[in-house]
Amino acid sequence: MDELKKRYGIALLLSLCMVLPCVAGGGVIPAVAGFIGKVGTFIDSMSVKGLDPRYIEAPKHPWQVILRGNVNQSSLSMNSSIPHAEESLPFMRDDLTWEPRIKTNPATYLGVWAGYRGYGLGYSWNVGGDKGRILTLGATGGSYGVNLRIHWFDNDEPQVRMKGMALMEFDEAGNPVFAPMEYNGTIELSSPIKTRVLFLDGYYLFNKKCSYAAAYDQSVIQKRSSGSLMVGGMYTHSSTEYDENINADLILLMGDIGAIRSDQISVGVGYIYNWVPAKGLLISAMAIPMLTFYNHHKIWRYDSNLKDLVDQGGWEEFFEMPDEDYRIREAEKDHIVSKNSNIKLSYDARLSVTYEWNSRMFINAYGQFNSFGFKLDNISGRLNDWYVNASLGVRL
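Residues numbered from 1 in each chain as written. Predicted model: local features only at pLDDT ≥ 70, side-chain atom pairs only at ≥ 80, totals over all residues. Heavy atoms only, no water.

Participant: Would you mind showing me how to read the pattern of salt bridges here?
Facilitator: Pairing is possible between side chains that carry opposite charge, provided their charged atoms lie close to one another. Counted by the stated rule, this structure contains 8 salt bridges. A salt bridge links Arg54 to Asp52; the nearest nitrogen and oxygen atoms lie 2.7 Å apart. Owing to a relative accessible area of 47%, Arg54 belongs among the partly exposed residues under this scheme. For Asp52, a relative accessible area of 13% corresponds to the buried category. A salt bridge links Arg350 to Asp348, with the nearest nitrogen and oxygen atoms 3.9 Å apart. For Asp348, a relative accessible area of 1% gives the class buried. Connected via shared salt-bridge partners are Asp201, Asp348 and Arg350. (Salt bridge = Lys/Arg side-chain N within 4 Å of Asp/Glu carboxyl O. Buried < 20%, exposed > 50% of the residue type's maximum accessible area, 1.4 Å probe, protein only.)

Pasting the structure below:
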């Protein structure tokens, strides 16, 4: 993120260096103003193009500044099944099930969004719960919408469930004694599991009496109730990384996997209904079941000095090695494994309530839920992500 900020800063500085001399020479400001005016006119026309004016209206004031409060929670559940665990973990017997659940506490964000006729940028900062950041970009017209949301979050106390036959003690002859073991709780990590999720979605409504933008960024106004069949598409990228030396024990229990990345493309057909029970009040519900036809996953495998002790039967050294002495290295075989999964069903659902008055002020609350599954070798999982936004906006 710091490198990205640096690049944008350099680009901005170079742009200013090129523009300022021209401005000083005169003639450029009118040209730039004219170009901006043409862009504004084009966006104005796109916001209501083809829509029924009896149902959809473009506000007189095109600019929007919105203060946002956001409550967000992401949950990544994984399941790692290691058959005949004693072959790689001598302190286990039979099959081992290891189910970490990287679940953030409900986190609170405050931020701002600014844009022109639904084209804008927003950024939110974490003020409570697990640390994270959210970047949003939007581009909406009367009957279409494109949104980008990026969510970063870390977790150093994942919820886990472990079940198997484990070494409990040694008998008088020094032989290991195994017994059923089950654990369900949190574990503390010195280095957090880092998760990054990117959602890029787009929608198109077939009924020109119903507007997506009216419900989700208030760049147009829905005057009368209407619903529409709609098509949607979504690209999701998620990465989960914990490939640090100090996490060697976690990597060992995860079947030598230290990082997972997924890319998914989904399309679907759904329905949206905008209900206007009173002037200025809009309640909108949208649901789209989607088929994930592109489901690509990549994992990174690691060996470690901890695993070396397991392979050599170094029981005492294994249990006595301090965390700071753990060292991981790229696996000699199949360090990177890439695979496509089968077609899966995913979901996208939203609910929005908007109230506006005097044509300039509005408040809005909306929620969204997404769910995606994946499977790769002996590990499977599901990413669930939901958030609720509350907004206070003004048109300028």
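Picking up where we left off.
Participant: Whenever I open this one, the nonpolar core confuses me. Can you help?
Facilitator: A general feature of soluble globular proteins is that nonpolar side chains tend to end up buried together. By size, the foremost hydrophobic cluster in this structure holds 28 residues, and its most contacted members are Tyr203, Tyr216, Met230, Ile272 and Met286. If you list the elements that add at least two residues to this core, you get strand E10 (193-205), helix H3 (212-216), strand E12 (226-241), strand E13 (257-278), strand E14 (281-304), strand E18 (361-376) and strand E19 (379-395). Among the elements that make up this core, the one with the highest residue count is H3 (5 residues). Once residues within four sequence positions are removed from consideration, Met230 is found in contact with Tyr203, Tyr204, Leu205, Phe206, Gly268, Val269, Gly270, Tyr271, Ile272, Met286 and Ile288. Listed in part, the 22 residues of the second largest apolar core include Ile193, Leu306, Phe318 and Met321. (Core = buried A, V, L, I, M, F, W, Y, C linked by side-chain atoms within 4.5 Å. Helix = DSSP H or I, 4+ residues; strand = E, 2+ residues; numbered from the N terminus. Contact = heavy atoms within 4.5 Å.)

Participant: Is there a simple way to think about the pairing of E13 in this case?
Facilitator: Look at any regular strand and the pattern is simple: side chains alternate between the two faces of the sheet. As paired elements, E12 and E13 share 16 bridges and run antiparallel to each other. Bridge pairing in E13 links Val231 to Val269. Where E13 lies against E14, 17 bridges are found, and the strand directions are antiparallel. Of the residues in E14, the one forming a bridge with Ser262 is His297. With antiparallel pairing between neighbouring strands as the criterion, E13 and E14 make up a hairpin whose turn holds 2 residues, including Gly280 at a positive phi of roughly 90°. (Pairing = 2+ DSSP bridges.)

Participant: Looking at this model, I keep getting lost on the confidence of the model for the protein chain. Mind explaining?
Facilitator: Low pLDDT marks regions whose predicted coordinates should not be analysed in detail. With 71% of its residues at a pLDDT of 70 or more, the protein chain has an overall mean of 78. Highest mean pLDDT in the protein chain belongs to strand E15 (residues 328-330) (93); lowest belongs to helix H1 (residues 2-25) (42). Contacts from residues 1-25, a stretch scored under 50 in pLDDT, to residues over four places away or in other chains number 6 contacts. (pLDDT = per-residue confidence, 0-100.)

Participant: Explain unusual backbone geometry here, please?
Facilitator: Negative phi characterises most residues that are not glycine, and trans characterises most peptide bonds. Phi at Arg117 is positive, roughly 55°, even though this residue is not glycine. Summarising the element assignment, Arg117 is placed in the loop between strand E4 (107-116) and strand E5 (119-128). Located in the positive-phi region is Ser359, a residue other than glycine, with phi close to 65°. Within the secondary structure layout, Ser359 lies in the loop between strand E17 (344-357) and E18. Here Ser359 falls in the partly exposed class, since its relative accessible area comes to 43%.

Participant: For this particular structure, what's the right way to read a nonpolar patch on the surface?
Facilitator: On the surface, Trp63, Val65, Leu67, Val112, Trp125, Tyr355, Trp357, Ile363, Leu392 and Leu396 cluster together to form a nonpolar patch covering roughly 930 Å² of accessible area. Among the secondary structure elements, those contributing two or more residues to the nonpolar patch are strand E2 (63-82) and E17. At 3 residues, E2 tops the list of elements feeding residues into the nonpolar patch. For Leu392, the position within the fold is in strand E19. (Patch = residues over 30% accessible without salt bridge, like charges linked within 9 Å, V, L, I, M, F, W, Y side chains within 5 Å. Areas by Shrake-Rupley, 256 points an atom, 1.4 Å probe, with all protein chains shown as cover.)

Participant: Looking at this model, I keep getting lost on helix H5 (residues 305-312). Mind explaining?
Facilitator: Think of an α-helix as 3.6 residues a turn; residues three or four steps apart then line up on the same face. For H5, the set of buried residues is Leu306, Lys307, Leu309 and Val310. Projection of H5 onto a plane perpendicular to its axis shows the buried side chains occupying an angular sector of 155°, all on one side. Of the exposed residues in H5, those oriented more than 90 degrees away from the buried face are Asp311 and Gln312. (Arc of directions from axis to C-beta.)

Participant: I would appreciate a short explanation of the environment of Ser239 in the present structure.
Facilitator: Checked against the element boundaries, Ser239 lands in strand E12. Ser239 sits in the buried class, given a relative accessible area of 7%. Separated by 24 residues in the primary sequence, Ser239 and Asp263 have C-alpha atoms spaced 9.0 Å apart. Setting aside chain neighbours within four positions, we find Ser239 in contact with Lys194, Thr195, Arg196, Ile260 and Arg261.

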